[in-house]
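A closer look at the structure
Chain by chain, the residues:
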Amino acid sequence: MTARKPRGELLAIDVGNTHTVLGLFAGRKLLRDWRLHTDPRRTADEYGLLVRNLLGQEGFGSVEGVAVASVVPDMTTVVVEMCERHLGVAPFVVAPGVKTGVAIHYESPWEIGADRIVNAVAAYEKTRDVTVVVDFGTATTFDYVSARGEYMGGVLAPGLGVAADALFERAAKLYRVEFAKPRHVVGRSTREALQSGLLYGYVGLVDGIVRRIAEEQGTRPRVLATGGYARWIAPESETIDEVDEFLTLEGLRILYERNRL
C-alpha cells in the first residue's frame, strides 16, 4: 500500500507473533515506544481505542503517517482497518513489491517475514558492511546482509521463550523460572540449572551459528542483536557486537521514507 507524505509524526507498528511494538517518530527521532500483546481476537475498534489512548497520554492527538510490518496475516487486516478508521491514515505496509533498496537473494522472497527484511534494511543503513542480524523473538532469526547491502538469506531457530514454554509444559517436575543469569554454569538447584540451560544454551546457539556463517562466507560480519531477549543474551555472547532494541522500528521509518509520495 502507498503511504501518504508525512507532515508530522510517524507511527511505526511491528506486529510479531507474541508482541506488537509501536514507535512514534518525529523525523528520525524516536519519541516514544510501547509494547503490547499481539491478540488477533481484538477488533480494529479495540486496538483503535487503545492506540489513541496511548497517543493521547503522550500529548499526541493524531499522526501523519503509519508504517506497518506484520508476520501475523489476521493482524495485518485488523491493523490496517484500525489505522484507517481511528487514525485517519492509510498505512504503508511492508509487503512484496515495496521499494526496499535491498536486492533479495532468496529462492522464495515472498516467504521472508516482513520483520526480517525491515531488520536487514536498518542494519545495513547502520553498518554499511557485512552484517548478521540476530532477532530474539518468537523465533530466533539470523539474517545475513552482504557488503553491498544484499539480503542473502538466514537461519531460523525456535525462540527462547518458545523453547522454555515447551520444556516447562512437557516436563512434569520442572517449573517456570525467571530469565536471569545464574550464579554458576553448573546449577546447584533446579532453578539455577534451568536458568543456565536457557542462557548458555542460547549463547552457544548464537555464537555457533554466527561462527558457521562467518566461516562459510569467508568474512567477519558485524553482528547486531534485537528483540526481547537480546539484552539478556548479548553480555555473555562472544559474537554479538551491539544490541539495538529499536532496530525494527528504525527500519520501518527508513522504508516509509523510501516509499512515500
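Residues numbered from 1 in each chain as written. Predicted model: local features only at pLDDT ≥ 70, side-chain atom pairs only at ≥ 80, totals over all residues. Heavy atoms only, no water.

Let's talk about the packing of helix α1 (residues 44-57) against helix α2 (residues 73-87)
Where α1 contacts α2, the axes come no closer than 8 Å and their chain directions differ by 60 degrees. Our classification of the angle between α1 and α2 gives oblique. As for how α1 packs across α2, the hand of that crossing is right-handed. Of the residues in α2, those in contact with A44, D45, Y47, G48, V51, R52 and L55 of α1 are M75, V78, E81, M82, R85, H86 and L87. (Axes fitted to C-alpha atoms, helices over the stretch in contact; angles between N-to-C directions. Helix = DSSP H or I, 4+ residues; strand = E, 2+ residues; numbered from the N terminus. Parallel < 35°, antiparallel > 145°, perpendicular 65-115°, else oblique. Left-handed = near helix turned anticlockwise from the far one by under 90°. Contact = heavy atoms within 4.5 Å.)

Observations concerning the pattern of salt bridges
Should their charged atoms come close, side chains of opposite charge can pair. Counting across every chain of the model gives 18 salt bridges. Ionic pairing is found between D39 and R41, a salt bridge with its closest N-O pair at 3.0 Å. For R41, a relative accessible area of 73% puts it in the exposed group. A salt bridge links R85 to E81; the shortest N-O distance between them is 3.0 Å. (Salt bridge = Lys/Arg side-chain N within 4 Å of Asp/Glu carboxyl O. Buried < 20%, exposed > 50% of the residue type's maximum accessible area, 1.4 Å probe, protein only.)

Observations regarding the sheet that holds strand β9 (residues 222-227)
Strands sit in the order β8-β7-β6-β9-β10 across an open sheet of 5 strands; the sheet is mixed. Here the strands that pair on one side only, and so sit at the sheet edges, are β8 (151-158) and β10 (242-243). Across 2 bridges, the pairing between β9 and β10 is parallel. Bridge pairing in β10 places L224 opposite E242. (Pairing = 2+ DSSP bridges.)

Section: unusual backbone geometry
Phi at R128 takes a positive value of approximately 50 degrees, unusual for a residue other than glycine. Residue placement: R128 occurs in the loop between α3 (114-127) and β6 (131-136).

Quick look at the environment of G61
Topologically, G61 is positioned in the loop between α1 and β4 (65-70). Classification of G61 by relative accessible area gives exposed; the value is 75%. When the C-alpha atoms of G61 and L87 are compared, they prove to be 9.1 Å apart, with 26 residues separating the residues in sequence.

Limitation: the analysis is restricted to geometry and does not speak to function.
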